[in-house]
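Fold and contact review
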Amino acid sequence: MNKLPLWRNLTLFSLLGLIGLIVVWNGLLASVQHVPLWLEIPLLLAPLVLLVRGIVQGNAQTHVFAVLMSLLYLLLGIWVVLDPQERLYGYALIFLSIGLYAGAFMSAKILGKRNKGEVA
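In this numbering scheme, every chain counts its residues from 1 along its sequence in written order. Confidence filtering applies because this is a predicted model: local features only for residues at pLDDT of at least 70, side-chain atom pairs given and counted only at 80 or more, and all residues used for totals across whole chains, interfaces and linings. Each side-chain value is worked out from all heavy atoms of the structure, with water and hydrogens disregarded.

Digging into the overall build of the protein chain
As a reminder of what qualifies: Only DSSP runs of H or I with at least four residues qualify as helices, and only runs of E with at least two residues qualify as strands; both kinds are numbered from the N terminus onward. Think of it in three bands: with a 1.4 Å probe and only protein chains considered, a residue is buried below 20% of the maximum accessible area for its type, exposed above 50%, and partly exposed in between. Residue contacts are defined here by distance: any two heavy atoms, one from each residue, within 4.5 Å place the two residues in contact. Residues scored as charged are limited to Lys and Arg (positive) and Asp and Glu (negative), so that His and the chain ends carry no count. Where a charge sits is defined by one atom per residue type, namely NZ (Lys), CZ (Arg), CG (Asp) or CD (Glu).
Per the secondary structure count, the protein chain includes four helices and zero strands. Projecting the C-alpha coordinates of the protein chain onto the three principal axes gives extents of approximately 55 × 25 × 20 Å. Counting the 120 residues in the protein chain, one finds 37% classified as buried. Sequence separation of at least 24 residues holds for 70% of the intrachain contacts in the protein chain that already meet a minimum separation of 6. Treating the 8 positive side-chain charges of the protein chain as one cloud and the 4 negative ones as another, the clouds have centres 21 Å apart.

Written out as structure tokens, the structure reads:
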């Protein structure tokens, strides 16, 4: 059974979910801003936006980069959970970054095997 579409959909859902969460939370819902919006939103979104094209195209190397990026957002989520006012945001970051990690890892594994088979 081909499970690649499942893992790629999880990766894409989590990636777009992280992008949407960062924009909505920091732009509309955050009651306290520790960093100016003009700095925080682009700084958090830039690495994720750079991944979108490669994930949609099914590039195995981009999926590997997504695995590494997801760990940074997991750490950010753990940091944010410690603030009682932003606990919900932190849990959402953790949940979506774990989804990004799992989906990207499994997609990279499957795509890597396919690409290796094509070369040989």
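So that's the structure; there's more coming.
Considering helix α1 (residues 4–29)
As a reminder, the rule being used: How far a helix is expected to stretch is found by multiplying one less than its residue total by 1.5 Å.
In this model, α1 (26 residues) spans 35 Å end to end at C-alpha, consistent with the 38 Å of a helix rising 1.5 Å per residue. Among the residues making up α1, those that are buried are L4, T11, S14, L15, L18, I19, L21, I22, W25 and N26.

Some points on the confidence of the model for the protein chain
Rules: Every residue gets a pLDDT, meaning the predictor's confidence in that residue, from 0 to 100.
This prediction gives the protein chain a mean pLDDT of 91; 95% of its residues lie at or above 70. When mean pLDDT is taken per element in the protein chain, helix α3 (residues 60–81) scores highest with 96 and helix α4 (residues 87–119) scores lowest with 91.

Concerning α3
The following threshold applies: Polar contact is defined as a pair of N or O atoms within 3.5 Å, subject to the rule that within protein one atom must be able to donate a hydrogen and the other to accept it, and that residues adjacent in sequence are counted only when both atoms are side-chain atoms.
Look at α3: 31 Å from first C-alpha to last across 22 residues, which is about the 32 Å you get at 1.5 Å a residue. The backbone nitrogen of Q61 lies 3.1 Å from a side-chain oxygen of the residue at the head of α3, namely N59.

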